[in-house]
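Coordinates in review
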Amino acid sequence: MRRYLFGMVAVLALGWQGLAFGAEKIPVVASFSILGDIVSNVGGERIAVSTLVGPDQDAHVFEPRPADVAKVSRAKLVVINGLGFEGWMARLAKSSGYKGPLVVASTGVKPRQMASEDGHGHGEQIDPHAWQDPTNVIEYVKNITEALVRLDPAGEAEYRNNAMKYTVQLQALDAWVRAQYARFPAEKRRIITSHDAFGYHGAHYGIEFLAPQGMSTESEASAKDVARLVQQIRREKIKAVFMENMSNPKLIQQLSKDAGVTLAGELYPDALSKENGPAKTYLILIRHNVEEIVAALGRN
Ligand SMILES: [Zn+2]
């Protein structure tokens, strides 16, 4: 018995040492929760990802705190979406003294331009919400993989294997989304959300998304825009409008009242849900959004 116990203690001690010395994970910072999940899928066990803008939080109006400065200063790699989404990142990186690589995950994605809608804007504005098209996320995965391989060449085989498996899941997701929308005729494919976050999704799958607010939650919806949208909802007999997990629901609640249409629940445009919510990973988030959208299209 004593010998058996001694053996157990030795094994435990060795196991503990193995953990302590073998599992030094590389600290990586991702700018927002959806991107953090994508980075985790590529990095797997070799990295420890922390995100700046967490679940249910709005990256458009994010203000970094001292804890965020500390996270960035400890990071070996920082990953952002790009396309103008993280206007606050340059200053944050500077104040943290971060000197490592800054990976723009959307590099190579075809940017979607949109006429500025704030009433006094000129020319075009770039839409940052490229992740709402899963085929764009396949590009994100390539960029993240190359960055991790450069940073940690010993992990190359593992990163490439993780990326391959995740890409297969993204391709399957894309095919699934297409199949969900296939049964709706073109004239019924209209959805109202509060800010203009589904442009890439709509362009890829042939759904038209209308929103009283522009591409950033920072911009205010004008009374004129809201009135025009109410007219359109009535004219085109659109049956449902959506709230968003990270936006103020007041505007869309008012819109649903004015237009006399159903408030159809919540979409997840720019942030995951918390762990116990309906959109805790990117793959689950897209499925959730599409299921909600399909239910609303069924009422049109
Ligand atoms: Zn947004």
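Everything discussed here concerns the structure shown above.
Residues numbered from 1 in each chain as written. Predicted model: local features only at pLDDT ≥ 70, side-chain atom pairs only at ≥ 80, totals over all residues. Heavy atoms only, no water.

Secondary structure assignment for the chain yields 10 helices and 10 strands. Burial analysis of the chain (300 residues in total) assigns 48% to the buried set. Considering only residue pairs separated by 6 or more positions, the chain has 64% of its internal contacts joining residues 24 or more positions apart. (Helix = DSSP H or I, 4+ residues; strand = E, 2+ residues; numbered from the N terminus. Buried < 20%, exposed > 50% of the residue type's maximum accessible area, 1.4 Å probe, protein only. Contact = heavy atoms within 4.5 Å.)

Bringing helix 8 (residues 223–235) into the picture now. Side chains of residues three or four places apart in an α-helix project in the same direction, reflecting 3.6 residues per turn. In this model helix 8 runs 18 Å from its N-terminal to its C-terminal C-alpha over 13 residues, within 8% of the 18 Å that 1.5 Å per residue would give. Among the residues making up helix 8, those that are buried are D225, V226, L229, V230, Q232 and I233. Across the axial projection of helix 8, the buried residues extend over an arc of 165°, all falling on one side. For helix 8, the exposed residues lying more than 90 degrees away from the buried face are A223, K224, R228 and R235. Here the buried face of helix 8 lies against strand 7 (190–192), strand 8 (208–210), strand 9 (240–244) and helix 9 (250–259). (Expected span 1.5 Å × (residues − 1). Arc of directions from axis to C-beta.)

Looking at the zinc ion, one finds its protein donor set to be H60 (NE2), H129 (NE2), H195 (NE2) and D270 (OD), positioned 1.9 to 2.0 Å from the metal centre. Relative to the metal, the 4 donor atoms surrounding the zinc ion lie at angles of 96 to 122°, and the coordination shape comes out tetrahedral. Read N to C, the donor residues that coordinate the zinc ion are spaced as H-x68-H-x65-H-x74-D. Here H60 is found in the loop between strand 2 (47–53) and helix 3 (66–74), whereas its partner H195 is found in the loop between strand 7 and helix 7 (199–205), with 135 residues between them in sequence. You'll find H60 and H195 in the same group, each marked buried. (Donors = N, O, S within 2.8 Å, 3.2 Å for Na, K, Ca; no water. Tetrahedral: all angles 85-135°; square planar, octahedral: opposite > 155°, others 65-115°.)

Attention now moves to the packing of helix 8 against helix 9. Relative orientation of the contacting elements helix 8 and helix 9 amounts to 50°, with a least axis distance of 9 Å. Taken as axis vectors, helix 8 and helix 9 run oblique relative to one another. The interaxial crossing formed by helix 8 with helix 9 has right-handed handedness. Where helix 8 approaches helix 9, its residues V226, L229, V230, I233 and R234 are matched on the opposing element by L251, L255, D258 and A259. Broken down by class, the residue content of the contact of helix 8 with helix 9 amounts to 7 nonpolar, no polar and 2 charged. (Axes fitted to C-alpha atoms, helices over the stretch in contact; angles between N-to-C directions. Parallel < 35°, antiparallel > 145°, perpendicular 65-115°, else oblique. Left-handed = near helix turned anticlockwise from the far one by under 90°. Nonpolar A, V, L, I, M, F, W, Y, C, P; charged D, E, K, R; others polar.)

On to the sheet that holds strand 1 (residues 26–32). In spatial order, the strands read 2-1-3-4; together these 4 strands make up an open sheet with parallel pairing. Sheet topology places strand 2 and strand 4 (102–104) at the edges, where each strand pairs with a single neighbour. Pairs of neighbouring strands in the sheet enclose a mean axial angle of 25°, with direction left out of account. Bridge analysis of strand 1 against strand 2 gives 6 bridges, and the strand direction is parallel. Of the residues in strand 2, the one forming a bridge with I26 is I47. Together, strand 1, strand 2, strand 3 (77–80) and strand 4 form the strand contacts of helix 5 (residues 134–151), whose direction differs from that of strand 3 by roughly 170°. (Pairing = 2+ DSSP bridges.)

The nonpolar side chains of a soluble globular protein tend to be buried with one another. Judged by nonpolar contacts, the single largest core of 71 residues is most densely connected at L35, I38, V79, Y140, I144, Y181 and Y282. Counting contributing residues, this core receives three or more from each of domain 1 (24–175) and domain 2 (183–297). Aside from chain neighbours lying at most four places away, what touches I38 is V137, Y140, V141, I144, Y166 and Y282. Grouped together as the second largest cluster of nonpolar side chains are 13 residues, L210, I233, I238 and I252 included. (Core = buried A, V, L, I, M, F, W, Y, C linked by side-chain atoms within 4.5 Å. Domains from an automatic or database assignment.)

So, on to the environment of A197. Position of A197 relative to the elements: it lies in the loop between strand 7 and helix 7. For the pair formed by A197 and Q213, sequence separation is 16 residues and the distance between their alpha carbons is 9.6 Å. Apart from the residues within four sequence positions on either side, A197 is in contact with H129, Q132, P269 and D270.

Let's shift gears to the pairing of strand 9. Residues in a regular strand project their side chains so that they alternate between the two faces of the sheet. Within strand 9, 5 of the 5 residues are buried, which leaves it mostly tucked inside the rest of the structure. With 4 bridges connecting them, strand 9 and strand 10 (residues 262–267) associate as parallel partners. Looking across to strand 10, one finds that A240 is bridged to T262. For the segment spanning strand 9, helix 9 and strand 10, crossover handedness is right-handed. (Right-handed = clockwise from strand over helix to strand, strands pointing away.)

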